[in-house]
Amino acid sequence: MPGRKREYDEDDVRIRPGRASRPRTRLRPKHDDAVGALVITVDRGRYGCVREDAAELEVITAMRARELGRKSVVVGDRVALVGDVSGAPGALARIVRIAERSSVLRRTADDDDTTPEGRLERVVVANADQLVMVSALSDPPPRTGFIDRCLVAAYDAGVEPLLCLTKADLAGPEQVLDYYAELDLPWVALQPDSDLTELRRRLAGRISVMVGHSGVGKSTLVNRLVPDALRAVGAVSAIGKGRHTSTSAVALRLPVVGRSRKDPGWIVDTPGIRSFGLAHVSAESLLHGFPDLVEGTLEDQPNCEHTATDVDCHLDAWVREGHADIRRLTSYRRLLSSRAGELDSRERTGESA
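None of the values given here were measured: they were computed from a predicted structure.

Some remarks on the overall build of the protein chain
Here's step 1: Broken down by element type, the protein chain carries nine helices and 13 strands.
Here's step 2: Buried positions account for 44% of the 353 residues belonging to the protein chain.
Here's step 3: Sequence separation of 24 or more characterises 65% of the internal contacts of the protein chain that already satisfy a separation of 6 or more.
Here's step 4: About 20300 Å² of surface is accessible on the protein chain, with carbon and sulfur atoms providing 48% of the total.

Regarding the nonpolar core
Here's step 1: Counting residues in hydrophobic clusters, the biggest one holds 51 residues, and the most contacted among them are Leu131, Val209, Leu293 and Tyr332.
Here's step 2: Considering each element in turn, this core owes the most residues, eight residues, to helix α2 (residues 144–157).
Here's step 3: Once you skip the residues sitting within four places of it in the chain, Tyr332 turns out to touch Leu286, Leu287, Phe290, Leu293, His306 and Leu315.

Remarks on the packing of aromatic side chains
The description of an aromatic ring pair rests on the distance of the ring centres and on the angle between the ring planes.
Here's step 1: Under the definition given, this model contains three aromatic pairs.
Here's step 2: Relative to Phe276, the ring of Phe146 has its centre 6.5 Å away and its plane inclined at 65°; by these criteria the two rings are edge-to-face. Here Phe146 is found in helix α2, whereas its partner Phe276 is found in the loop between β13 (266–269) and α6 (291–294), with 130 residues between them in sequence.
Here's step 3: A residue is classified by how much of its surface remains accessible, and Phe146, at 6% relative accessible area, is buried.
Here's step 4: Ring geometry for Phe290 and Tyr332: centres 5.3 Å apart, planes at 55°, overall tilted.

Brief notes about the pattern of salt bridges
Here's step 1: If you walk through the whole model with that rule in mind, you get 14 salt bridges.
Here's step 2: The salt bridge partner of Arg328 is Asp148, with a shortest N-O separation of 2.8 Å. One end of the pair, Arg328, is in helix α8 (residues 326–339); the other, Asp148, is in helix α2, and 180 residues separate them in sequence. The burial state of Arg328 is the same as that of Asp148; both residues are buried.
Here's step 3: For Glu198, the salt bridge goes to Arg201, with nearest N and O atoms at 2.7 Å. Of this pair, Glu198 and Arg201 both sit in helix α4 (residues 197–203), separated by three residues, roughly a single helical turn.
Here's step 4: Overlapping salt bridges, with partners in common, bring together Asp148, Asp292 and Arg328 in one network.

Quick word on α2
Here's step 1: Look at α2: 20 Å from first C-alpha to last across 14 residues, which is about the 20 Å you get at 1.5 Å a residue.
Here's step 2: Summarising burial for α2: twelve of the 14 residues are buried, a large majority.
Here's step 3: Burial in α2 covers these residues: Thr144, Gly145, Phe146, Ile147, Asp148, Arg149, Cys150, Leu151, Val152, Ala153, Ala154 and Ala157.
Here's step 4: A positive phi of about 75° marks Gly158, the residue just after α2.

A short note on the environment of Thr309
Here's step 1: Tracing the backbone through its elements, the reader meets Thr309 in the loop between α6 and α7 (315–320).
Here's step 2: Taking relative accessible area as the criterion, Thr309 reaches 67% and is therefore assigned exposed.
Here's step 3: Reaching out from Thr309, the side chain makes a polar contact with the side chain of Thr307 at a distance of 2.9 Å.

Thoughts on the pairing of strand β6 (residues 104–108)
Here's step 1: Extensive coverage of β6 is indicated by the burial of four of its five residues.
Here's step 2: As paired elements, β6 and strand β7 (residues 121–126) share five bridges and run antiparallel to each other. Its bridge partner being in β7, Arg106 is matched across the sheet by Val123.

A look at unusual backbone geometry
Here's step 1: Cis geometry is found at the peptide bond from Asp139 to Pro140, where omega equals 0°.
Here's step 2: Notably, Asn127 is not glycine yet its phi reads approximately 65°, a positive angle.
Here's step 3: You can see Asn127 is positioned in the loop between β7 and β8 (130–136).
Here's step 4: Not every positive phi belongs to a glycine, and Asp139 is a case in point at roughly 55°.

Comments concerning helix α5 (residues 218–225)
Here's step 1: Extensive coverage of α5 is indicated by the burial of six of its eight residues.
Here's step 2: Packing partners of the buried residues in α5 comprise β8, β9 (160–166), α4, β11 (207–211), β12 (250–253) and β13.

A few points about the side chain of Thr166
Here's step 1: Mapped onto the elements of the fold, Thr166 is located in strand β9.
Here's step 2: In this structure, Thr166 is in contact with Val134, Ser135, Ala136, Leu137, Leu190 and Val216, ignoring residues within four places of it in sequence.

Quick look at the pairing of strand β4 (residues 78–83)
Here's step 1: The pairing of strand β1 (residues 35–43) with β4 spans four bridges and is antiparallel. Pairing of Ala37 across the sheet is with Val79, part of β4.
Here's step 2: Across five bridges, the pairing between β4 and strand β5 (residues 93–98) is antiparallel. When the bridges of β5 are listed, Gly83 appears paired with Ala93.

Side note on the environment of Asp43
Here's step 1: For Asp43, the location among the structural elements is in strand β1.
Here's step 2: Sequence separation between Asp43 and Ser248 is 205 residues; the distance between their C-alpha atoms is 8.4 Å.
Here's step 3: Engagement of the side chain of Asp43 in a polar contact is seen with the side chain of Arg44, the distance being 3.0 Å.

Definitions and limits used
Residues numbered from 1 in each chain as written. Predicted model: local features only at pLDDT ≥ 70, side-chain atom pairs only at ≥ 80, totals over all residues. Heavy atoms only, no water. Helix = DSSP H or I, 4+ residues; strand = E, 2+ residues; numbered from the N terminus. Buried < 20%, exposed > 50% of the residue type's maximum accessible area, 1.4 Å probe, protein only. Contact = heavy atoms within 4.5 Å. Areas by Shrake-Rupley, 256 points an atom, 1.4 Å probe, with all protein chains shown as cover. Core = buried A, V, L, I, M, F, W, Y, C linked by side-chain atoms within 4.5 Å. Phe/Tyr/Trp six-rings, centres within 6.5 Å; stacked < 30°, edge-to-face > 60°. Salt bridge = Lys/Arg side-chain N within 4 Å of Asp/Glu carboxyl O. Expected span 1.5 Å × (residues − 1). Polar contact = N/O pair within 3.5 Å; in protein donor to acceptor, adjacent residues only side chain to side chain. Pairing = 2+ DSSP bridges.

Next up, the structure:
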């Protein structure tokens, strides 16, 4: 009837769903059918992945799922893939999970964490078992300062170090080995035609990261270990510095030798680098790269910084008594000074001793 008021019931009321009652399509899927894979390349938001359990290493191109947020994906990461994992041309999968990393090898462009370069931390590789420090014995000459930096980074990351000395046909390894005589540092020395059996034995069953200055023969060595890699090889300039030949990190599966059924391992070839910044390593942790000096600090006060200006530091007297090499103490204190921003960039990157 005209003028009669309408009666409302619950069907006329619209209830806005709360946060706990959002549509199920907004909930993250569990991806129980995801396929496990290893990231072997990273290139502008595209990730090359391989299934470690597959007989043939078909490279699967993948992109990172939005649900991962800002989590970075690096070479060496073990990930879960969904979508097209066939590896066919044009196929694209999605990375939906990143497994917890067993190790993270990092470096910075500077040692001083108060500078923009020092605050820019880069992950070299994830889940590495071994850091292979490639150094030429001549042309260019060995830089023990760079090796010391790599040792600090390796011990900080919980990665085992291996010293690989190349160009042994030009010079002997005695001088370098004498410098590290107090360390239980595994090493191999190679010539251009050396048998690689011992090196392969040390690489087997592991993910090994290979680092070194340009020109030390790292790419040549990679090509010998993995003939299908075809990494670019550059000449050494007249002033003893190599040209950068590898432009991005890549994980390479080592080939099976003979009838062996053992896992031959992986190597991660990294670009030739001029410096290995340690801003991510605390001043206290720098000592981990110098285990031959640790005993000399046991009687120091807890607040001792072990610098040359600490009059109560026992390191100087301990080294004078012949317990360690003075060159090792000099290198350690050089890193401490660089960590505190007391060295300029040329001194930080040009360490030769």
